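Summary of structural features
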Amino acid sequence: MAEWNAFYHNEDEEEEQEEGEQSGDYRITGRDSLVFLVDASKEMFIKGEDGQPSNFDMTMQVVRSVYMSKIISSHRDLVALVFYGTEQSKNPRNSFKHVYVYHDLDEPGAKRVQDIDSLRGEKGAQLAAETMGSGETSFGDALWCCANLYSDIKLRLSHKRLMIFTCRDEPHGGDSVKDRQARTKAGDLKETGVVIDLMHLMKPGGFNVSLFFCDIISPLEDESELGLQVEPCEKLDDLKKRVRAKEQKKRAMARLNLCLGEGLNVAVGIYPTAVTARKPVAIRLYRETNEPVRSKTRTFHTQTGSLLLPSEIKKAQVYGNKQIVMEKDEVDAIKKFDDPGLLLIGFKPMEKLKLHHHIRPAVFLYPEEDQVKGSACLFSALLKKCSERNVFALCRCITRRNNPPRFAALVPQLQEVDEGNAQITPPGFNVIYLPFADDLRTLDPPHYPAASQVQVDKMKEIVSKLRFKYRSDSFENPVIQQHYRNLEALALDMMAPEDIEDLIMPKVEQIDQRLGPLVDEFKDLVYPENYNPESKPAAKRKTADSGGGAEKKPKVEVTEDELKVHVQNGTLAKLTVPVLKEACKQFGVRTTGTKKQELIDALIAKLG
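Report follows, based on the coordinates. This is a predicted model, so every value here is computed, not measured. (Residues numbered from 1 in each chain as written. Predicted model: local features only at pLDDT ≥ 70, side-chain atom pairs only at ≥ 80, totals over all residues. Heavy atoms only, no water.)

A separate point is the overall build of the chain. In terms of helices and strands, the chain carries 16 helices and 18 strands. The buried share of the chain, taken over its 608 residues, is 33%. Long-range pairs, those at least 24 residues apart, make up 69% of the contacts in the chain between residues at least 6 apart in sequence. A total of about 40400 Å² of accessible surface is found on the chain, and carbon and sulfur atoms cover 51% of it. (Helix = DSSP H or I, 4+ residues; strand = E, 2+ residues; numbered from the N terminus. Buried < 20%, exposed > 50% of the residue type's maximum accessible area, 1.4 Å probe, protein only. Contact = heavy atoms within 4.5 Å. Areas by Shrake-Rupley, 256 points an atom, 1.4 Å probe, with all protein chains shown as cover.)

Between helix H10 (residues 453-465) and helix H13 (residues 518-526), whose axes approach to 10 Å, the crossing angle comes to 155°. Classed by the angle they form, the pair H10 and H13 counts as roughly antiparallel. The interaxial crossing formed by H10 with H13 has left-handed handedness. In contact with Val454, Gln455, Lys458, Met459, Glu461, Ile462 and Lys465 of H10, H13 contributes Leu518, Glu521, Phe522, Leu525 and Val526. Residues that form the contact of H10 with H13 fall into these classes: seven nonpolar, one polar and four charged. (Axes fitted to C-alpha atoms, helices over the stretch in contact; angles between N-to-C directions. Parallel < 35°, antiparallel > 145°, perpendicular 65-115°, else oblique. Left-handed = near helix turned anticlockwise from the far one by under 90°. Nonpolar A, V, L, I, M, F, W, Y, C, P; charged D, E, K, R; others polar.)

Quick look at the sheet that holds strand E4 (residues 99-106) now. Spatially, the five strands line up as an open sheet ordered E4-E3-E2-E5-E6, and their pairing is mixed. In this open sheet, the two edge strands, each paired with only one partner strand, are E4 and strand E6 (194-200). Averaged over all pairs of adjacent strands, the angle between strand axes in this sheet comes to 15°, irrespective of strand direction. Sheet analysis places strand E2 (residues 31-39) next to strand E3 (residues 78-84), joined by seven bridges and oriented parallel. Its bridge partner being in E3, leucine 34 is matched across the sheet by valine 79. Contacting strand E5 (157-166) and E6, helix H6 (residues 176-191) crosses the sheet at an angle of about 130° to E6. (Pairing = 2+ DSSP bridges.)

Now for unusual backbone geometry. A positive phi angle, close to 60°, is found at histidine 98, a residue other than glycine. Inspection of the secondary structure assignment puts histidine 98 in the loop between E3 and E4. Non-glycine residue asparagine 321 carries a positive phi angle of around 65°. Here asparagine 321 shows up in the loop between strand E10 (315-319) and strand E11 (322-326).

Attention now goes to the environment of asparagine 321. For asparagine 321, a relative accessible area of 60% translates into the label exposed. Between the C-alpha atoms of asparagine 321 and isoleucine 604, which are 283 residues apart in sequence, the distance is 9.2 Å.

Throughout the structure, instances matching the rule amount to 18 salt bridges. In this structure, aspartate 39 engages arginine 168 in a salt bridge whose closest nitrogen and oxygen atoms are separated by 2.9 Å. Of this pair, aspartate 39 sits in strand E2 while arginine 168 sits in the loop between E5 and H6, and the two are 129 residues apart along the sequence. For the pair aspartate 39 and arginine 168, a shared accessibility class is recorded, and that class is buried. Salt-bridge contacts for arginine 255 lead to glutamate 368; the nearest nitrogen and oxygen are separated by 3.5 Å. Residue arginine 255 is located in strand E7 (residues 254-261), and its partner glutamate 368 is located in the loop between strand E13 (363-367) and helix H9 (375-389); the two are separated by 113 residues in the primary sequence. According to the relative accessible area criterion, arginine 255 is partly exposed, its value standing at 22%. (Salt bridge = Lys/Arg side-chain N within 4 Å of Asp/Glu carboxyl O.)

What follows is about the environment of cysteine 386. Relative to the assigned elements, cysteine 386 resides in helix H9. Sequence-wise, cysteine 386 and leucine 410 are 24 residues apart; in three dimensions their C-alpha atoms are separated by 9.4 Å. Once you skip the residues sitting within four places of it in the chain, cysteine 386 turns out to touch Phe347, Val391, Pro412 and Phe429.

Any aromatic ring pair is given by two values, namely how distant the centres are and how the planes are angled relative to each other. Counted according to the given criterion, the structure contains 16 aromatic pairs. Cluster of aromatic residues (ring-pair linked, three or more members): Phe45, Phe56, Phe83, Tyr100 and Tyr102. (Phe/Tyr/Trp six-rings, centres within 6.5 Å; stacked < 30°, edge-to-face > 60°.)

If you look at the biggest cluster of nonpolar residues, it comprises 33 residues, and the most contacted ones within it are Leu37, Phe139, Leu162, Ile164, Phe213 and Ile216. Looking at this core, the elements with two or more residues in it are E2, E3, E4, helix H5 (139-151), E5, H6 and E6. Examining the composition of this core, we find that eight residues originate from one element, H5, more than from any other. Once residues lying within four places of it in the same chain are set aside, the contact partners of isoleucine 164 are Leu37, Tyr84, Phe139, Ile196, Asp197, Leu198, Met199, Phe213 and Ile216. (Core = buried A, V, L, I, M, F, W, Y, C linked by side-chain atoms within 4.5 Å.)

Taking 1.5 Å per residue as the helical rise, H6 with its 16 residues ought to reach 22 Å, and the 23 Å between its terminal C-alpha atoms agrees with that figure. Among all positions of H6, only Asp179, Ala182, Lys185, Ala186 and Leu189 are buried. Projection of H6 onto a plane perpendicular to its axis shows the buried side chains occupying an angular sector of 130°, all on one side. Considering only its buried residues, H6 is in contact with H5, E5 and E6. At the N-terminal end of H6, a side-chain oxygen is found 3.1 Å from the backbone nitrogen of valine 177, two or three residues along, and the residue is aspartate 175. Downstream of H6 by one or two residues, glycine 193 has phi in the positive range, about 95°. (Expected span 1.5 Å × (residues − 1). Arc of directions from axis to C-beta. Polar contact = N/O pair within 3.5 Å; in protein donor to acceptor, adjacent residues only side chain to side chain.)

Okay, the side chain of histidine 357 next. Mapping histidine 357 onto the fold places it in the loop between strand E12 (341-349) and E13. In terms of polar contacts, histidine 357 uses its side chain to reach the backbone amide nitrogen of lysine 354, at 3.1 Å. Those residues in contact with histidine 357 that lie beyond four places of it in its chain are Lys352, Ile432, Tyr433, Leu434 and Pro435.

Moving on, we get to a nonpolar patch on the surface. Judged by side-chain polarity, Val454, Leu525, Val526, Tyr527 and Tyr531 come together as a nonpolar surface patch covering roughly 430 Å² of accessible area. Tracing the backbone through its elements, the reader meets tyrosine 531 in the loop between H13 and helix H14 (560-569). (Patch = residues over 30% accessible without salt bridge, like charges linked within 9 Å, V, L, I, M, F, W, Y side chains within 5 Å.)

Below, the structure written as structure tokens:
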């Protein structure tokens, strides 16, 4: 007997499941956690040259930006802020001196953002000096305090990361005992799964990582990561970029096997290179208590009004004027084509891949060594050979269970690095989904008078003047930005939201300066004299034959022989609804409805 909960259809759970499928597959379920461990020594408060902000002020701006991004995108993640090298002490049970826990490990909120704002600028430096001060440093105690923050959390954590912000490469001034204690505690933290990253800041004389912190930080998680940067951060943008590269999770859409032959599989992960940013879904609240509500749907019999069990509900499809009834298991079996995976079909030269074959955004393919040992080596060999021979691999791709199969082209992409040996593009395959024959359309473009060579040359001058180097990351979505500004203003009790600049609006003045007289010259070549594009077009004269009304479109008739050919070939669906209706009237076919499938079924019954 099914339980009562099975009678209900929970819409919210389905929405969460769909969101999870779109955002990616998680290797471990749980919440992410991030602890900022910030140096509060006097060196951190020294301002830079030419009015540059101090290292402490830059760190607070980065912490605030991470808090804001967590609130918007991952509000269930846990974040903490801990200062070390302080005069005052504040931590659980006050077990550690010169360690000040400013924020416990908890979900970020508006109050925490306001606390961070109070530590920015000159007033923030004064408040930090009054509240915490600067004193001795025991980095081992600071790491121990962070370990206690993690151990006090009863929730399941999927990812634990600790970020260290400092401008001192020798926090203990050469004290070997404290150095050894810190290295031991860092090793204990790494054994518990905590990833330790160093965000070292600029200081006079440079920052030497090898003196102390090279034994503290965690090794590279992935070859594609930026890893340990040799040069310290001097500018705020560099620090934000480095923190963002470490803080963002690499989510795989799916983890599959790439089958190169019988018994030869390579484990790969599919990663989206760009995901559409959308406004968050509105949460429904109970009017009196503001508590979130969950909607449930029950199915009732239309005649008896009795509650239907899931086992009593079946699905049907109308085919040939007959209702085909199927069980749920049969529907699932119809949907399943094969198990998820990539199956290699062959190789094609790159010139066979055309621009119109890109019908949806491409994704990125990268090996998963921890799934199948040797995947990275075989994947690298395949990538190298495809690149050398200038070919792409043609595969059949099924990303998820019950998903329809697609043909995909695996286009090789080799690694590129900049002058500082930092990775610009990672090595792997770009997965380009190919169209089926049914997806390709034959279009009849409208015929317009051709432009003269003088007009073409003039437009080329205009295009060359308006060219600029386009980068998609330079343009933010103004609708989403305004939405988040409004939410931020409400959450932080601001008088008004911050103004945003709509970067997608054309800069008219700059365009006019670049073009000069070219626009008027082009108008004189193309448009008649005294042409005004803003004036309303003249009203069309009514024809006498139509009696003042609009002309009716001629009826499209299909002969009986043509219809029979369509019936035999099963191509009636290619005809439009008006043509099918006219055919039914022409041959006296009576239909019960006006839907396309009903018209097709009626014609098949008459002429089949």
